[in-house]
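Examination of the molecular architecture
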There are 2 protein chains.
Amino acid sequence: MDKILDIDNIDLKIISLLNEDAKTPYTEIAKKVFVSSGTVHVRMKKLEDMGIVKSATLNIDFSKLGYDISAFLGIYLEKSSLYDNVIEKLKTISEVVSAYYTTGNYSIFAKIICRDTNHLRLVLDNIQKVEGIDRTETLIVLEESINRPIQFFDKEK
Amino acid sequence: MDKILDIDNIDLKIISLLNEDAKTPYTEIAKKVFVSSGTVHVRMKKLEDMGIVKSATLNIDFSKLGYDISAFLGIYLEKSSLYDNVIEKLKTISEVVSAYYTTGNYSIFAKIICRDTNHLRLVLDNIQKVEGIDRTETLIVLEESINRPIQFFDKEK
DNA sequence: ACTCTATTTGGATTAAATCTAAATAAATAA
DNA sequence: TTATTTATTTAGATTTAATCCAAATAGAGT
């Protein structure tokens, strides 16, 4: 019953190609994968129905839109049982773009994107105020050196 | 000369809508933003030329493809001057999907995606072997509670 | 080898992207 | 204010792609 068994190399190649440019016409994908464009449609529909391909999004340069500072936050909770409550609060803070439950010292590990240092300070203040949060550690991103999708065709098959 | 000045609310609305679903036809975007589809084209071309919209990518559920474990790595270097060299080495390890230069204790902060715990162990071994890396701390992601794009229309304008 | 089922294909139809010239709007100068 | 220039938007016209579907092919099980 493992869904991975339903996925072959044609699927992976289609995903890889569309992951580089999701707007590539299926006709062009079809040529590169050596199937008909109808097959690309069928496969993509399958992948979408299976929930493997969830959506297509834009890759945006946020700094060019004035969002110049991003930061990772290690969040310590007063009690770890407060996790769900705190996540709900974080969801209401639009600058929080991701949040994870991780092993290690932090109870929650989150990422925020802000316009400038002032904005960052405001957002950090807001997060500190959230009930259940003990303290936070901030890792400000000074440079993004790698940011890329998984490559499927390096070592496996 | 600030590029932000060239971006108006029409641009931001187009970006917001396409960021939710990059495959939405421009004709549909046009209706929602109350301009012609030609204008959507012109604006998107401008945004692409400016490098604000870099590409479109798929949002993939990697766990359904058998990539079940992701982890953040705090990397300590022997000397911080080795940063660029180590980044180049990390680029050759396909499981490394992102790497940042951040404030705080770590010299490099990275994210990796692996199939299972065995695969994770292999990748961690490979990373430890990289010349210049002193030691690493691993935060294994047990749950992804938030993962979303920036929202432009919450508090501003 | 035969039957049943699933997948792929190519062509027909519908829809969207792209291009262009004209219209409109905005900005500047007289 | 009006005239002139410049930039932006628009509405077709054309090209291209997405979508749908019936027929062909391939694969699995008996």
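Residues numbered from 1 in each chain as written. Chains lettered and ligands numbered in written order. Predicted model: local features only at pLDDT ≥ 70, side-chain atom pairs only at ≥ 80, totals over all residues. Heavy atoms only, no water.

1. Details of the interface of chain A and chain B
- On the chain B side, the residues contacting the 68 residues of chain A number 68 residues.
- Summing both partners gives a buried area of about 6,700 Å² for chain A against chain B, and 58% of it is carried by carbon and sulfur.
- Summed over the three residues of chain A that lose the most area to chain B, namely Leu58(A), Ile146(A) and Ile150(A), the buried surface amounts to 10% of that side.
- The interface formed by chain A and chain B contains 0 salt bridges.
- Where chain A packs against chain B, one counts 36 residue pairs in polar contact (both at pLDDT 80 or more).
- Among the elements of the structure, α1 (9-20), β1 (53-60), α4 (83-91), β3 (96-102), β4 (108-114) and β5 (133-147) of chain A are those that each provide at least two residues to the side of chain A that touches chain B. (Contact = heavy atoms within 4.5 Å. Buried area = accessible area lost by both parts, 1.4 Å probe. Salt bridge = Lys/Arg side-chain N within 4 Å of Asp/Glu carboxyl O. Polar contact = N/O pair within 3.5 Å; in protein donor to acceptor, adjacent residues only side chain to side chain. Helix = DSSP H or I, 4+ residues; strand = E, 2+ residues; numbered from the N terminus.)

2. With respect to the relation of the copies chain A and chain B
- Take chain A, turn it by 180°, move it 0.0 Å along the axis, and it overlays chain B with an RMSD of 0.0 Å. When the rotation and shift are considered jointly, the pair of chain copies conforms to a two-fold rotation axis. Of the C-alpha atoms belonging to chain A, the one lying closest to the rotation axis is found on Thr57(A), 2.7 Å away.
- The share of interface residues of chain A whose copies in chain B are also at the interface is 100%, consistent with both copies meeting through the same surface. (Least-squares fit on C-alpha atoms with pLDDT ≥ 70 in both.)

3. Section: the protein's contact with DNA strand C
- Surrounding DNA strand C, one finds Val35(A), Ser36(A), Gly38(A), Thr39(A), Arg43(A), Pro25(B), Tyr26(B), Thr27(B) and His41(B).
- In this structure, a phosphate oxygen belonging to DNA strand C sits 2.9 Å away from a main-chain N or O atom of Ser36(A).
- In the model, a phosphate oxygen of DNA strand C is placed 2.5 Å from a nitrogen or oxygen of the Thr39(A) side chain.
- Broken down by secondary-structure element, the contributors of at least two residues to the surface near DNA strand C are α3 (37-49) of chain A together with α2 (26-33) of chain B. (Near = heavy atom within 4 Å.)

4. As for the side chain of Asn19(B)
- Tracing the sequence through the fold places Asn19(B) in helix α1 (residues 9-20).
- On the basis of relative accessible area, Asn19(B) is assigned to the buried category, the value being 6%.
- If we skip the residues at most four places from it in the chain, Asn19(B) touches Ala56(A), Thr57(A), Leu58(A), Ile60(A) and Pro149(B). (Buried < 20%, exposed > 50% of the residue type's maximum accessible area, 1.4 Å probe, protein only.)

5. Remarks on the packing of aromatic side chains
- Evaluation of the coordinates by the stated rule reveals 16 aromatic pairs over all chains.
- For the ring pair Tyr67(A) and Phe152(B), a centre distance of 5.9 Å and an interplane angle of 65° mean the geometry is edge-to-face. Taken together, the residues span two chains, with Tyr67(A) in the loop between β1 and β2 (69-77) and Phe152(B) in the segment after β5 (133-147).
- In this structure an aromatic cluster arises from ring pairing among Phe72(A), Tyr76(A), Tyr100(A), Tyr106(A), Phe109(A), Phe72(B), Tyr76(B), Tyr100(B), Tyr106(B) and Phe109(B).
- Over the face of the ring belonging to Tyr76(A) we find Arg135(A), whose NZ or CZ atom lies 4.0 Å from the ring centre. (Phe/Tyr/Trp six-rings, centres within 6.5 Å; stacked < 30°, edge-to-face > 60°. Lys NZ or Arg CZ within 6 Å of the ring centre and 35° of its normal.)

6. Some details on the packing of α1(A) against helix α2 (residues 26-33) of chain A
Residue and element names in this part refer to chain A.
- Between α1 and α2, the least distance of the axes is 10 Å, while the angle of their chain directions is 130°. When the interaxial angle is binned, α1 and α2 end up oblique. For the pair α1 and α2, the sense of crossing is right-handed. For the pair formed by α1 and α2, the contact residues are Ile10, Lys13, Ile14, Leu17 and Leu18 on the first element and Tyr26, Ile29, Lys32 and Val33 on the second.
- Partitioned by chemical class, the residues of the contact of α1 with α2 number 7 nonpolar, no polar and 2 charged. (Axes fitted to C-alpha atoms, helices over the stretch in contact; angles between N-to-C directions. Parallel < 35°, antiparallel > 145°, perpendicular 65-115°, else oblique. Left-handed = near helix turned anticlockwise from the far one by under 90°. Nonpolar A, V, L, I, M, F, W, Y, C, P; charged D, E, K, R; others polar.)

7. Quick word on the UniProt feature "domain: HTH asnC-type" (unreviewed entry) in chain A
- With numbering matched to this structure, UniProt assigns "domain: HTH asnC-type" (unreviewed entry) to residues 7-68 of chain A.
- What you have in residues 7-68 of chain A is 53% helix and 13% strand, and the ends, taken at the C-alpha atoms, are 39 Å apart. (UniProt positions renumbered as here; feature names shortened; annotations may be inferred.)

8. Digging into the packing of α2(B) against helix α3 (residues 37-49) of chain B
All names here are of chain B.
- Running from N to C, α2 and α3 cross one another at 100°; their axes reach a closest spacing of 8 Å. The pairing of α2 with α3 is recorded here as roughly perpendicular in orientation. On the side of α2, the interface is formed by Tyr26, Thr27, Ile29 and Ala30, while α3 contributes Ser37, Val40, His41 and Met44.
- Each residue belonging to the contact of α2 with α3 can be placed in one class, and the counts come to 5 nonpolar, 3 polar and no charged.

9. Overview of the environment of Tyr101(B)
- Looking at the element boundaries, Tyr101(B) is found in strand β3 (residues 96-102).
- Considered as a pair, Tyr101(B) and Tyr83(B) are 18 residues apart in the sequence and their alpha carbons are 8.4 Å apart.
- Apart from the residues within four sequence positions on either side, Tyr101(B) is in contact with Ile140(A), Val141(A), Leu142(A), Glu143(A), Tyr83(B) and Ser107(B).

10. Remarks on the protein's contact with DNA strand D
- Taken together, Pro25(A), Tyr26(A), Thr27(A), His41(A), Val35(B), Ser36(B), Gly38(B), Thr39(B) and Arg43(B) make up all the residues around DNA strand D.
- For DNA strand D, the backbone portion of the atoms within 4 Å of the protein, that is sugar and phosphate, comes to 82%.
- At 3.0 Å from a phosphate oxygen of DNA strand D is found a main-chain nitrogen or oxygen belonging to Tyr26(A).
- The separation between a phosphate oxygen of DNA strand D and a polar side-chain atom of His41(A) is 3.3 Å.
- Of all elements in the fold, only α2 of chain A together with α3 of chain B reach the threshold of two or more residues within the surface near DNA strand D.

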